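Chain and residue survey
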Amino acid sequence: MLAEFDLIRRYFMSSQEASTASNGVTLGCGDDATLLLPQAGQQLVVSVDTSVVDVHFPREASAFAVGHRALAVALSDLAAMGATSRWCLMALTLDQRQFANDEATHAWLADYARGFHALCQQHATTLVGGDVTSGELSIGVTVMGELPVGEALTRSGAQAGDLIAVTGALGGGAGGLALWQQGERDLAHPLLSRYLLPQPRLAAGLALRGLATAALDISDGLLADLAHIRDASHVGAVIALDALPLADELESSLGREAALKAALSGGDDYELLVTLGADDVAEAQQRLVPLGLSLTVIGHCCEALGVTASGQSELSRYVSGYAGWQHFSGEAP
């Protein structure tokens, strides 16, 4: 097995861009810390995400998917702020007990690095440092981006009367997990791809700057994340269940009611949830057309606090009673 610093050089430095003024890195990997130079007039946007084996991804998932997913879920937070991604740090805790020999270890690392670096390149993000250690498999990724001063999308700007909308489709993450648990392993399946290879909506976040009054990414589920906007903006929300855009093959795989529950509370969708003035919805939808991405209105903000659904169905009662996911207490019924 390679020593720590040889491992870092082999898998996490060789394919990165040289430190140049063009990418804002004045001192990159290989020192005690990195030196970065944000552009003039830009705010630095920073977020960190941890991915833990058998909590956020299955132990048997391909190393490529693990590397892609660890970065994607972190980049999604930058998308929610309307930021452009610039740099990232990655701390990998590698469990060598899962490998039969050094050859298997190196094969896994090569595939992991390939997934991680491919997404870096897709979003012009430079890996500028990190750490590798031994222990239970987990990955911590810190992402750093930029946006013009005063233009950040936040959770606190929604007002009563604003419409609530989501990019793309919902329920794919939960649907993919369900299929994985049933034995599906083909990453080409649209649901499994949504679960293990999520796509951060960075371009959409940029496109919605100046129009969205509040925004966040859907990581814990629509209901749980909508509650964050409700609490930060001091508004209530009413959603239309029939308007929810469902991921491809979700309903045929799970059935109608389970598909709607996956869209409402399944999590791991990494779409953007936004509020907008009614007059801005058409413009917002038009801005997403070049991205091949839909923006679907699913409800509206109101003065009465709480999150409810229109109608008197069992799912409507499910919505009003849902308390959300908490890592240290489990999922609410």
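Residues numbered from 1 in each chain as written. Predicted model: local features only at pLDDT ≥ 70, side-chain atom pairs only at ≥ 80, totals over all residues. Heavy atoms only, no water.

Here's the deal with helix H11 (residues 314-321)
Buried residues of H11: Leu315, Ser316, Tyr318 and Val319, and no others. Buried residues along H11 cover an arc of 155 degrees about the axis, so they all sit on one side. Exposed residues lying more than 90 degrees from the buried face of H11 are Glu314 and Gly321. Considering only its buried residues, H11 is in contact with helix H7 (222-233), strand S9 (236-239), helix H9 (256-265) and strand S12 (307-309). (Buried < 20%, exposed > 50% of the residue type's maximum accessible area, 1.4 Å probe, protein only. Helix = DSSP H or I, 4+ residues; strand = E, 2+ residues; numbered from the N terminus. Arc of directions from axis to C-beta. Contact = heavy atoms within 4.5 Å.)

Re the domain arrangement of the protein
Split into domains, the protein comes out as domain 1 (4-148) and domain 2 (163-320). Taking only C-alpha atoms, the centre of domain 1 and the centre of domain 2 are 27 Å apart. Taken together, the contacts link 26 residues of domain 1 with 19 residues of domain 2. Counting the surface lost from both domain 1 and domain 2, the interface buries some 1800 Å², and carbon and sulfur atoms represent 63% of this. By the criterion of area lost to domain 2, the three top residues of domain 1 are Arg69, Ala79 and Ala80, representing 26% of everything that side buries. At the boundary of domain 1 and domain 2, one finds one salt bridge. In this structure, the salt-bridge partner of arginine 69 is aspartate 268, at a minimum N-O distance of 3.0 Å. Taken together, domain 1 and domain 2 are joined by five residue pairs in polar contact (both at pLDDT 80 or more). Looking at the side of domain 1 that touches domain 2, the elements with two or more residues in it are helix H2 (63-81), strand S4 (84-94) and strand S6 (138-148). For the side of domain 1 that touches domain 2, the leading source of residues is H2, giving 12 residues. Class assignment for the residues of the side of domain 1 that touches domain 2 results in 14 nonpolar, nine polar and three charged. (Domains from an automatic or database assignment. Buried area = accessible area lost by both parts, 1.4 Å probe. Salt bridge = Lys/Arg side-chain N within 4 Å of Asp/Glu carboxyl O. Polar contact = N/O pair within 3.5 Å; in protein donor to acceptor, adjacent residues only side chain to side chain. Nonpolar A, V, L, I, M, F, W, Y, C, P; charged D, E, K, R; others polar.)

Some words on the packing of H9 against H11
Relative to each other, H9 and H11 sit at 20 degrees, their axes nearing to 11 Å. By the angle between their axes, H9 is roughly parallel relative to H11. You can see that H9 and H11 cross each other, and the crossing is right-handed. Together, Glu257, Leu260, Lys261, Leu264 and Ser265 of H9 and Leu315, Tyr318 and Val319 of H11 make up the contact between the two elements. Of the residues belonging to the contact of H9 with H11, the class tally is five nonpolar, one polar and two charged. (Axes fitted to C-alpha atoms, helices over the stretch in contact; angles between N-to-C directions. Parallel < 35°, antiparallel > 145°, perpendicular 65-115°, else oblique. Left-handed = near helix turned anticlockwise from the far one by under 90°.)

Here we look at the packing of H2 against helix H3 (residues 102-122)
In contact at an axis separation of 6 Å, H2 and H3 are set at 35 degrees when each is read in the N-to-C sense. When you trace H2 past H3, the crossing you get is right-handed. Residues Ala63, Phe64, Val66, Gly67, His68, Leu71, Ala72 and Leu75 of H2 pack against Trp108, Asp111, Tyr112, Arg114, Gly115, Phe116, Leu119 and Cys120 of H3. Tallied by class, the residues present in the contact of H2 with H3 amount to 11 nonpolar, three polar and two charged.

Here we look at the packing of aromatic side chains
If you walk through the whole model with that rule in mind, you get three aromatic pairs. On the basis of an interplanar angle of 10 degrees and a centroid distance of 5.2 Å, the ring pair of tryptophan 108 and tyrosine 112 is categorised as stacked. Taken together, the positions of tryptophan 108 and tyrosine 112, both in helix H3 and four residues apart, correspond to about one turn of that helix. The exposure class assigned to tyrosine 112 is buried, which follows from its relative accessible area of 0%. Here tyrosine 112 and phenylalanine 116 contribute two aromatic rings whose centre-to-centre distance is 6.2 Å and whose plane-to-plane angle is 25 degrees, an arrangement assigned as stacked. Of this pair, tyrosine 112 and phenylalanine 116 both sit in helix H3, separated by four residues, roughly a single helical turn. An aromatic cluster is defined as three or more aromatic residues linked by ring pairs; in this entry it consists of Phe99, Trp108, Tyr112 and Phe116. The ring of tryptophan 180 is capped by arginine 185, whose NZ or CZ atom sits 3.6 Å from the centre of that ring. Against the face of tyrosine 318 rests lysine 261, its NZ or CZ located 4.8 Å from the ring centre. (Phe/Tyr/Trp six-rings, centres within 6.5 Å; stacked < 30°, edge-to-face > 60°. Lys NZ or Arg CZ within 6 Å of the ring centre and 35° of its normal.)

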